[in-house]
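# Examination of the molecular architecture
For reference, the chains in residue letters:
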Amino acid sequence: MINGTRLSRALRGRRSWVALGVVLLLALLALLGRWDTQRRRAQPELERAVAQAGDSIFTVARLRAWLDAQPDSLSREEVQHWLEGWVEDQILYQAAVRQGLDTLGGVREELKRLRLRYLRGLLEEQSLAESLRISTLELKTWARANQDLLALPERRLRFSWVAGTDSLALAQLIPVIQRDQLTRKRLEDQRLGSGRTEFVTRGELPLAHAAILLGLKLHQASPVLRGPEGWMVYQLEEERPVGWVPDPDQHEELVRAAMLQDLRWKRLQSRLETLRQEAVWKVDLTPLLEVEIGVPPAR
């Protein structure tokens, strides 16, 4: 009897602890739910509309996300112009839907094709963006085996330039530039701008200057040329001819970039082949050929 009483008390004690745990858990969930609701209510401004066209709304939250994804900061006028373009797109889209243009057979198929290509592109971008680690030994081994992928298909040039508003002053500096005697102090005294380009191809040169710049010899300076905001003098600093191959020791980043691109594309093709093997699919032109020659379908 004593043992039964003790057992009964022990069970009641355990039930009490279990009940207390359930109550605490429910209380915690209630607090979390209240906190989440309050958090969402605390930022109702993010759901305010910055643009609207019919039932389509562009909120502050969406605009902030879009701005964060831009490579450069935009002025208020540029953002305003972009939102007006979004509104115009929405208005025209809604008018097309009201006219039933999205239900036409050819249009419907084209929309499906565009959606398919867009989603395929996203999948490919996701695969290509995945990181890969490459050791120095792997880099050099790949470079030796892939000279054809590293060789430049077209000539690339790099220039230094000096810019100013006085064409005569720039013309007087040409001999100084060619002797590599132009100092920072002289640039500052004459209020001249200066810089250097990346390696560029013929198609990346200013169209008005391309013929002159392509004809320069190494370290030669160009005549004074009309620039976007004044006058410019270019000097050919370095040239990489067609077929030039970067050295892994001297141009590691170039080789690494080419190797990453090659490996990522090969990985993408491998994944595509795996998906093709796993999927149920076929291509059979027999039905089309039978229709063309009038063969009745099999029953």
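Structure: see above.
In short, a report on the structure. (Residues numbered from 1 in each chain as written. Predicted model: local features only at pLDDT ≥ 70, side-chain atom pairs only at ≥ 80, totals over all residues. Heavy atoms only, no water.)

Moving on: the layout of surface pockets. Once rolled over the atoms, a probe with the size of a water molecule shows which space is left empty. In this model, the largest pocket occupies a volume close to 300 Å³. Taken together, 17 residues form the lining of the largest pocket, with Ser-160, Asp-180, Leu-182, Gln-235 and Glu-237 sitting closest to its centre. Mapped by element, the contributors of at least two residues to the lining of the largest pocket are strand 3 (156-164), helix 7 (167-178), helix 8 (184-189), strand 4 (193-196) and strand 6 (230-240). When the residues that make up the lining of the largest pocket are grouped by side-chain class, the tally is five nonpolar, eight polar and four charged. (1 Å grid on protein atoms, 1.4 Å probe; cavity = no way out; pocket = protein on both sides within 12 Å on 5 of 7 lines; lining within 4 Å. Points joined across faces, edges and corners; volume = space filled by probe spheres on them. Helix = DSSP H or I, 4+ residues; strand = E, 2+ residues; numbered from the N terminus. Nonpolar A, V, L, I, M, F, W, Y, C, P; charged D, E, K, R; others polar.)

This paragraph deals with the packing of aromatic side chains. Using the criterion set out here, one finds four aromatic pairs in the structure. Ring geometry for Trp-66 versus Trp-82: centroids 4.0 Å apart, planes at 25°, classification stacked. With Trp-66 in helix 2 (residues 60-68) and Trp-82 in helix 3 (residues 76-98), this pair connects stretches of sequence that are 16 residues apart. The class for Trp-82 is partly exposed, based on a relative accessible area of 28%. Plain terms: the ring middles of Phe-159 and Tyr-234 are 6.1 Å apart, the flat faces sit at 75° to each other, and that makes the pair edge-to-face. Here Tyr-234 lies in strand 6 and Phe-159 lies in strand 3, a separation of 75 residues in the sequence. (Phe/Tyr/Trp six-rings, centres within 6.5 Å; stacked < 30°, edge-to-face > 60°. Buried < 20%, exposed > 50% of the residue type's maximum accessible area, 1.4 Å probe, protein only.)

Further remarks concern the environment of Trp-161. Counting through the fold element by element, Trp-161 comes out in strand 3. Overall, Trp-161 belongs to the partly exposed group, its relative accessible area being 24%. In the structure, Trp-161 is positioned 75 residues away from Leu-236 in sequence and 9.0 Å away in space, judged by C-alpha atoms. Ignoring any residue separated from it by four or fewer positions in sequence, one finds Trp-161 in contact with Gly-193, Ser-194, Gly-195, Arg-196, Thr-197, Met-232, Val-233 and Tyr-234. (Contact = heavy atoms within 4.5 Å.)

A separate point is the side chain of Arg-240. Here Arg-240 is to be found in strand 6. Put simply, Arg-240 is tucked away with no salt bridge, and the nearest opposite charge, on Glu-238, sits 4.3 Å away. Setting aside residues no more than four positions away along its own chain, Arg-240 makes contact with Leu-152, Glu-154, Arg-155, Arg-156, Phe-199, His-251 and Leu-254. (Lys, Arg positive; Asp, Glu negative; His and termini not counted. Salt bridge = Lys/Arg side-chain N within 4 Å of Asp/Glu carboxyl O.)

Moving on, we come to the packing of helix 2 against helix 3. One way to put it is that helix 2 packs onto helix 3 with a least axis distance of 13 Å and a crossing angle of 120°. For the element pair helix 2 / helix 3, the angle class is oblique. Remark: the crossing between helix 2 and helix 3 carries right-handed chirality. Listed contacts from helix 3 to Arg-62, Leu-63, Trp-66 and Leu-67 of helix 2 are Val-79, Trp-82, Leu-83 and Trp-86. Within the contact of helix 2 with helix 3, the residues separate by chemical class into seven nonpolar, no polar and one charged. (Axes fitted to C-alpha atoms, helices over the stretch in contact; angles between N-to-C directions. Parallel < 35°, antiparallel > 145°, perpendicular 65-115°, else oblique. Left-handed = near helix turned anticlockwise from the far one by under 90°.)

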